[in-house]
Amino acid sequence: NILKLYKETAWNGTTTKAPFPGEGDNWACIADCKYSATRMGNPPTISATLEWPTCLDDEWNSGVFVEFRGEKYFINGIPSSSRTNSKTGYTHNVEFISERSVLSRVYFLDVIQVQNPAGAPANSLISDRSDFSFSGNLEDLASRLNISLNNSGIGSDSGGYSVVVDRNIDLEDKLFTVSNQTIIDVLNSANETFNVPYYFVGKTIHFGYYQDEIKTAMEY
């Protein structure tokens, strides 16, 4: 797939995207790239070499991104550029990192959903602690994660991330402890505590196994 480069700008509370560095023939695209990802842990990255007629050193900023598999990948640092006598343009070595890297910067807070009077917020922050424990299963954890994500402004209510538990997953109650952990830290801790991995489909985080994974013995 050809990856088109965009630039994201915010103005008066509205975020817009436009071709980078410009429109028409001045729209940069990447035809060949390297995608690096693991099932869990660090966010995936995309690296590539961009050949361009002019030097883009003064054009790069943190709002430059590409879109891949339902996610945005933002430029990771300032790309290096070079020029040789054998080429007429400039070579830019670029790396993009998935927007899910935000999950390693936002903390999991103690937030629960309560029945508030009419007109009051649906979610109530019962404490601002990021150090607490509760007893429950994976669905309980997923519910708490979703409320915490929305409370932090990166949840599905604002077009961000959500957590679900796949079917046929053991829902055994266990004591789960959170100690100043980010969202990604909690996902990794959940894998260790409940012995169930997680994976991403766009901005949906699944506790479970890939749909095409065979979990039962087959006879033929």
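Report on the accompanying structure. (Residues numbered from 1 in each chain as written. Predicted model: local features only at pLDDT ≥ 70, side-chain atom pairs only at ≥ 80, totals over all residues. Heavy atoms only, no water.)

## Regarding the packing of aromatic side chains
Rules: Only Phe, Tyr and Trp rings take part, Trp by its six-membered ring, and two of them pair if their centres are within 6.5 Å. Stacked means planes under 30 degrees apart, edge-to-face means over 60, and tilted covers everything else. To qualify as a helix, a DSSP run of H or I must reach at least 4 residues; to qualify as a strand, a run of E must reach at least 2; elements of each kind are numbered from the N terminus. In this scheme, a residue with accessible area under 20% of its type's maximum is buried, one over 50% is exposed, and one in between is partly exposed, where area comes from a 1.4 Å probe on protein chains only. Two conditions define a charge located above a ring, namely a distance within 6 Å from the ring centre to NZ of Lys or CZ of Arg, and an angle within 35 degrees of the ring normal.
Considering all chains together, one arrives at 12 aromatic pairs under this definition. Centroid distance Y6 to F65: 5.5 Å. Interplanar angle 20°. Geometry classified as stacked. Here F65 lies in strand 7 (residues 64-68) and Y6 lies in strand 2 (residues 6-11), a separation of 59 residues in the sequence. With centroids separated by 5.3 Å and ring planes inclined at 45°, the aromatic side chains of F65 and F74 adopt a geometry described as tilted. Under the relative-accessibility criterion, F65 is labelled buried at 0%. Each residue in the set Y6, W27, F65 and F74 is aromatic and connected to the rest through ring pairs, giving one cluster. R100 extends its terminal NZ or CZ atom over the ring of F200, reaching a point 3.8 Å from the ring centre. Over the ring of F134 we find R144, and its NZ or CZ is 4.2 Å from the ring centre.

## Some words on the side chain of T91
Keep this limit in mind: We call two N or O atoms a polar contact when they sit within 3.5 Å, provided that within protein one can donate a hydrogen and the other can accept it, with sequence-adjacent residues counted only if both atoms are side-chain atoms. Throughout, a contact is declared for two residues whenever any of their heavy atoms are within 4.5 Å.
Of note, T91 is situated in strand 10 (residues 90-98). Reaching out from T91, the side chain makes a polar contact with the side chain of E51 at a distance of 2.8 Å. Once residues lying within four places of it in the same chain are set aside, the contact partners of T91 are T49, L50, E51, S80, S81 and S82.

## Digging into the nonpolar core
In plain terms, the rule: In this text, buried Ala, Val, Leu, Ile, Met, Phe, Trp, Tyr and Cys residues form a nonpolar core when linked through side-chain atoms within 4.5 Å.
Core analysis: the largest hydrophobic core is formed by 29 residues, its most contacted members being L103, L141, L145 and F207. Mapped onto this core, the elements with two or more residues apiece are strand 13 (131-136), helix 1 (138-151), strand 14 (162-165), strand 15 (174-179), helix 2 (183-194), strand 16 (198-201) and strand 17 (204-207). Broken down by element, this core gets its largest block of residues, 6 residues, from helix 2. Discounting chain neighbours no more than four positions away, the residues touching L103 are L149, I154, Y161, T182, I183, I184, F200 and I205.

## Focus on the pairing of strand 8 (residues 71-75)
Looking down a regular strand, the side chains alternate between one sheet face and the other. Selection rule: The criterion for strand pairing is that DSSP finds at least two bridges linking the strands in question.
The element strand 8 is largely enclosed, with a buried count of 4 among its 5 residues. The pairing of strand 7 with strand 8 spans 4 bridges and is antiparallel. In the sheet register, E67 faces strand 8, and the bridge partner there is K72. With 3 bridges joining them, strand 8 and strand 10 adopt antiparallel strand pairing. What sits directly across from I75, in strand 10, is F96.

## What about helix 1?
We apply this condition: Take the number of residues in a helix, subtract one, and multiply by 1.5 Å to get its expected span.
Compared with an ideal rise of 1.5 Å per residue, which puts 14 residues at 20 Å, helix 1 spans 20 Å between its outermost C-alpha atoms and is within 8% of the ideal. Along helix 1, the positions that sit buried rather than exposed are L138, L141, A142, L145, I147, S148 and L149. With a side-chain oxygen lying 3.0 Å from the backbone nitrogen of E139, the N-terminal cap of helix 1 falls on N137. Just downstream of helix 1 lies G153, where phi reads positive at about 85°.

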